[in-house]
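Structure assessment
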Amino acid sequence: MYRGSLTRKDLRHALARQNGERWNSIIESAVAAGSITLGSLAGQYPDDYFNGYEIYTNAGTGIGQTRYVTDYTGSTGLVAMSPNWTINPDATTYVELHRFLTVDEYNECLDNAYDEGADSFLIEKSDETLTQVDAQYHYTIPSGFVNICDVFGEESTNETWWRLQPNQDWRVENKSTPLLILTAYSFSPVVDRTLKVVGQAVPVALTTDAIISQIPPVYMINTAMKWALMSNARMK
């Protein structure tokens with residue numbers, strides 16, 4: 001059902017639709033500081049239909065503003081809200097309308113889904129920032145790794161690699177600062193050449209709307225929906 005790469009905004013819209021909401025519309029004109037016209041909705045819903053809804057600008061001019069609808073004119077799609085816009089939207093602006101949960105609450109549901117799934121959907125990670133130092137056999141493991149699967153030494157400056165054997169050539173020592181320990185009798189550091197560390201990391205957290213989820217969308221939406229339903233129940 002949900003395929004491809006989805007951002008947090010995409011996931012939020014899909015989650016809201018699954019939760020019975022489906023309004024994400026471009027603004028056709030900015031009428032005044034306290035109103036907008038959503039022409040695509042004109043004639044579809046009666047007067048006052050969206051009163052009390054949250055309206056959030058998710059793209060374009062004035063992005064990131066949250067207001068609440070105070071009046072809706074069904075024939076024209078004119079939306080009045082409070083308080084007035086800090087930055088007036090224009091024809092480049094997109095908004096979303098929510099009744100059951102707010103944008104922050106939908107994002108929180110997605111955060112909960114991420115927390116549940118992060119350890120089950122580890123991603124591949126490769127790092128080439130470690131530089132070998134003469135007679136140095138302990139190296140701080142670059143941040144972000146959960147597991148280390150392979151370590152490679154640079155054979156020459158043209159980025160060809162040879163694989164170090166786990167346990168024989170290297171091991172990980174888990175301290176407050178995890179260390180990559182190279183075995184002195186089987187490995188000799190070559191000054192200024194690189195060590196490549198390959199392993200797994202947790203997916204990137206969805207801290208902004210533009211971040212693409214590294215956890216499968218179906219899992220994210222279905223798990224977030226569980227949290228949305230619990231939020232809906234608390235409201236009633």
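Residues numbered from 1 in each chain as written. Predicted model: local features only at pLDDT ≥ 70, side-chain atom pairs only at ≥ 80, totals over all residues. Heavy atoms only, no water.

1. Brief notes about the pattern of salt bridges
- In this structure the tally under the stated criterion is seven salt bridges.
- Here Asp-209 and Arg-8 are joined by a salt bridge, their closest N and O atoms 2.9 Å apart. Taken as a pair, Asp-209 in the loop between strand 14 (194–201) and helix 3 (217–235) and Arg-8 in helix 1 (residues 8–18) lie far apart in primary sequence, 201 residues in all.
- You can call Asp-209 buried: its relative accessible area is 15%.
- Of the residues examined, Arg-8 reaches a relative accessible area of 11% and is grouped as buried.
- In this structure, a network of salt bridges that share partners links the residues Arg-8, Arg-12, Glu-96 and Asp-209. (Salt bridge = Lys/Arg side-chain N within 4 Å of Asp/Glu carboxyl O. Helix = DSSP H or I, 4+ residues; strand = E, 2+ residues; numbered from the N terminus. Buried < 20%, exposed > 50% of the residue type's maximum accessible area, 1.4 Å probe, protein only.)

2. A short note on the packing of aromatic side chains
- Under the counting rule described, the total for this entry stands at 12 aromatic pairs.
- Taken together, the aromatic side chains of Trp-23, Tyr-45, Tyr-49, Phe-50, Tyr-53 and Tyr-72 make up a single cluster linked through ring pairs.
- If you follow Lys-125 out to its NZ or CZ, it ends over the ring of Phe-145, 5.2 Å from the centre.
- The ring of Phe-152 carries the charged tip of Lys-196 above its face, separated from the ring centre by 5.3 Å. (Phe/Tyr/Trp six-rings, centres within 6.5 Å; stacked < 30°, edge-to-face > 60°. Lys NZ or Arg CZ within 6 Å of the ring centre and 35° of its normal.)

3. Re the pairing of strand 14
- Of all eight residues in strand 14, six are buried, a share of seventy percent or more.
- Sheet topology note: the strand 8 (residues 123–131)/strand 14 ladder contains seven bridges and is antiparallel. In the strand pairing of strand 14, Leu-130 is matched with Leu-195.
- Where strand 10 (residues 145–154) lies against strand 14, seven bridges are found, and the strand directions are antiparallel. (Pairing = 2+ DSSP bridges.)

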